[in-house]
Amino acid sequence: MYVHLGNDVSVNEKGIIGIFDIENTSLGNDTREFLKRSEKEGNVVNVSYEMPKSFIVCSDKKTGETVYISQIAASSLHRRALKSI
């Protein structure tokens, strides 16, 4: 099944590594460094240009690791992912 992340973007639930609240997790240095590195490597996809509320880390055999920035709350995305199981 697929999880809708916002706008026209959906990802396969099997590829989701983690769903994170951007406000709470970006306080840590490790998370900030991870997001900076991912952006430099071109692995970040901004799903919306609204205020970001979460980021989703996905892994795919073809594309590798991708970080999606979404305006949808992490708790809502988590519920969507659980429904697709």
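Residues numbered from 1 in each chain as written. Predicted model: local features only at pLDDT ≥ 70, side-chain atom pairs only at ≥ 80, totals over all residues. Heavy atoms only, no water.

1. A short note on the overall build of the protein chain
Here comes step 1: When helices and strands are tallied, the protein chain shows 3 helices and 6 strands.
Here comes step 2: The C-alpha atoms of the protein chain give 12 Å as radius of gyration, which agrees with the globular expectation for 85 residues (12 Å, within 12%).
Here comes step 3: Expressed as a percentage of the 85 residues in the protein chain, the buried residues total 35%.
Here comes step 4: Taking the intrachain contacts of the protein chain between residues at least 6 apart in sequence as the baseline, contacts between residues at least 24 apart amount to 51%.
Here comes step 5: Total accessible area computed for the protein chain in this model is approximately 5,800 Å², and 51% of it derives from carbon and sulfur atoms.
Here comes step 6: Here the protein chain holds 11 positive side-chain charges and 11 negative ones, and the gap between their average locations is 4 Å. (Helix = DSSP H or I, 4+ residues; strand = E, 2+ residues; numbered from the N terminus. Rg over C-alpha atoms; globule rule 2.2 N^0.38 Å. Buried < 20%, exposed > 50% of the residue type's maximum accessible area, 1.4 Å probe, protein only. Contact = heavy atoms within 4.5 Å. Areas by Shrake-Rupley, 256 points an atom, 1.4 Å probe, with all protein chains shown as cover. Lys, Arg positive; Asp, Glu negative; His and termini not counted. Charge placed at Lys NZ, Arg CZ, Asp CG, Glu CD.)

2. So, unusual backbone geometry
What you tend to see is this: most non-glycine residues have negative phi, and most peptide bonds are trans.
Here comes step 1: In the Ramachandran plot, Asn 7 falls in the positive-phi region, its phi being about 50° despite a non-glycine side chain.
Here comes step 2: With respect to the secondary-structure elements, Asn 7 resides in the loop between strand 1 (2-6) and strand 2 (9-12).

3. Looking at the pairing of strand 1
Here comes step 1: Here strand 1 pairs with strand 2 via 4 bridges, running antiparallel. By the bridge assignment for strand 2, Tyr 2 is matched with Asn 12.
Here comes step 2: Hairpin connection between strand 1 and strand 2: a loop of 2 residues separates the two successive antiparallel strands, and Asn 7 in this loop has a positive phi of roughly 50°. (Pairing = 2+ DSSP bridges.)

4. Some thoughts on the nonpolar core
Here comes step 1: Counting residues in each nonpolar core, the largest one holds 11 residues, listed as Val 3, Leu 5, Val 11, Ile 16, Val 47, Ile 56, Cys 58, Tyr 68, Ile 72, Leu 77 and Ala 81.
Here comes step 2: Elements represented by at least two residues in this core include exactly strand 1, strand 5 (54-60) and helix 3 (74-83).
Here comes step 3: Setting aside anything within four residues of it in sequence, one finds Ile 16 in contact with Val 3, Val 11, Ile 56, Val 57 and Cys 58.
Here comes step 4: Counting 7 residues, the second largest nonpolar core, distinct from the first, contains Ile 22, Phe 55, Val 67 and Ile 69. (Core = buried A, V, L, I, M, F, W, Y, C linked by side-chain atoms within 4.5 Å.)

5. So, the side chain of Thr 66
Here comes step 1: Position of Thr 66 among the secondary structure elements: in strand 6 (residues 64-70).
Here comes step 2: Here Thr 66 falls in the buried class, since its relative accessible area comes to 11%.
Here comes step 3: Not counting residues within four places of it along the chain, the set of residues in contact with Thr 66 comprises Asn 43, Val 45, Ile 56, Val 57 and Cys 58.

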